[in-house]
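Chains, contacts and geometry: an overview
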Amino acid sequence: MADHRIAKIDLRVFGGSALTAEIDVPKGRTADEMSHDIPITYVPARNTIFFVVCAGLAEVLGSSDIFIGVNALDYSGYPDCRPEFIEAFEKMANLATRAGVEGRQALRVHTPLIALTKAEIIAKGIELGVDYGLTSSCYDPGPKSEPCGECDSCLLRRKGFRENGMVDPLKYRVGPASS
């Protein structure tokens, strides 16, 4: 039986990030600049919060599998995208749920993208038929949701397409799609 639920979670209540507060999103950073420190686009405990909601729903549904598209490569620097965090959460979730404690359910977190580069993720998506013209992960989209073309996420996406010898199908506010 197909079941679709939407959980409204507004992380702006915490703030503390360029994605959840009135803090400027960094633009035009080099790969070297992206690789140092945890960026201001880090949202405090975001994946932990998402996981807690998923673990509760998984227990209610009797599901043992949670999938998340975190990635530990390409300079993200987010602490809740690391394999150590995923392993720790999985262990905690199995200790924190009735189904886990009673041995009725062993929750498993799947991270199919965690060790792939952006280029490898894009290649896998192409192989699976993803229409990348319908996707964006821009940190600072415009009023019509058009990607900025300059934030870390846009720059890494563009780099991934270039490394695949492809042109990104998105129309960016700044610079050509092929850059």
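This text follows the structure it describes.
What counts as what
- Residues numbered from 1 in each chain as written.
- Predicted model: local features only at pLDDT ≥ 70, side-chain atom pairs only at ≥ 80, totals over all residues.
- Heavy atoms only, no water.
- Helix = DSSP H or I, 4+ residues; strand = E, 2+ residues; numbered from the N terminus.
- Buried < 20%, exposed > 50% of the residue type's maximum accessible area, 1.4 Å probe, protein only.
- Contact = heavy atoms within 4.5 Å.
- Areas by Shrake-Rupley, 256 points an atom, 1.4 Å probe, with all protein chains shown as cover.
- Lys, Arg positive; Asp, Glu negative; His and termini not counted.
- Charge placed at Lys NZ, Arg CZ, Asp CG, Glu CD.
- 1 Å grid on protein atoms, 1.4 Å probe; cavity = no way out; pocket = protein on both sides within 12 Å on 5 of 7 lines; lining within 4 Å.
- Points joined across faces, edges and corners; volume = space filled by probe spheres on them.
- Nonpolar A, V, L, I, M, F, W, Y, C, P; charged D, E, K, R; others polar.
- Patch = residues over 30% accessible without salt bridge, like charges linked within 9 Å, V, L, I, M, F, W, Y side chains within 5 Å.
- Salt bridge = Lys/Arg side-chain N within 4 Å of Asp/Glu carboxyl O.

Next up on the list: the overall build of the chain. On a plain count of helices and strands, the chain comes out with six helices and two strands. Going from the N terminus to the C terminus, the chain shows its helices and strands as α-α-β-α-α-β-α-α. The principal-axis extent of the C-alpha atoms belonging to the chain is close to 55 × 35 × 30 Å. Within the chain, the proportion of its 179 residues that are buried is 34%. Long-range contacts, defined as pairs at least 24 residues apart, comprise 63% of the intrachain contacts of the chain with a sequence gap of at least 6. Accessible surface computed for the chain: about 10,700 Å², of which carbon and sulfur atoms make up 57%. Of the charged side chains in the chain, 20 are positive and 24 negative, and the gap between their average positions amounts to 4 Å.

Moving on: empty space enclosed by the protein. Here the structure, examined in full by the defined rule, presents one cavity of 30 Å³ or more. Space inside the largest cavity adds up to approximately 30 Å³. Considering the residues around the largest cavity, the lining is formed by A55, A93, N94, T97, G100, Q105 and L107. Its residues placed into classes, the lining of the largest cavity shows three nonpolar, four polar and no charged.

All right, on to the layout of surface pockets then. Within this model, the largest pocket holds a volume of roughly 740 Å³. In terms of lining residues, the largest pocket is bounded by 30 residues, among which G69, K118, S137, Y139 and S153 are the most central. At the level of elements, helix 5 (118–128) and helix 6 (152–163) are the ones that each hand at least two residues to the lining of the largest pocket. For the lining of the largest pocket, the element with the highest residue contribution is helix 6, accounting for five residues. Split by residue class, the lining of the largest pocket holds 16 nonpolar, eight polar and six charged. A volume near 360 Å³ is recorded for the second largest pocket. Around the second largest pocket, the lining comprises 16 residues; the ones closest to its centre are R5, F50, V53, C54 and L57. Residues of the lining of the second largest pocket, tallied by class, amount to eleven nonpolar, two polar and three charged.

Taken together, the side chains of I9, F50 and V53 define a hydrophobic patch exposed on the protein surface, amounting to about 200 Å² of accessible area. With respect to the helices and strands, the residue V53 is situated in helix 2 (residues 46–61). We classify V53 as partly exposed; its relative accessible area is 35%.

Right, let's get into the pattern of salt bridges. According to the stated counting rule, one finds ten salt bridges in the structure shown. Where R104 meets E102, a salt bridge forms, and the shortest distance between an N and an O atom there is 2.8 Å. Across the pair D168 and R157 runs a salt bridge, and its minimum N-O distance is 2.7 Å. Of this pair, D168 sits in the segment after helix 6 while R157 sits in helix 6, placing them eleven residues apart in sequence. Assigned by exposure class, D168 and R157 land together as buried. Salt bridges linked by common partners bring R98, E102 and R104 together as one network.

The backbone of A45 sits at a positive phi, close to 60°, despite the residue not being glycine. Structurally, A45 is set in the loop between helix 1 (31–34) and helix 2. Exposure remark for A45: the relative accessible area of 32% places this residue in the partly exposed category. Positive phi outside glycine occurs at S145, with the angle close to 70°. Counting through the fold element by element, S145 comes out in the loop between helix 5 and helix 6.

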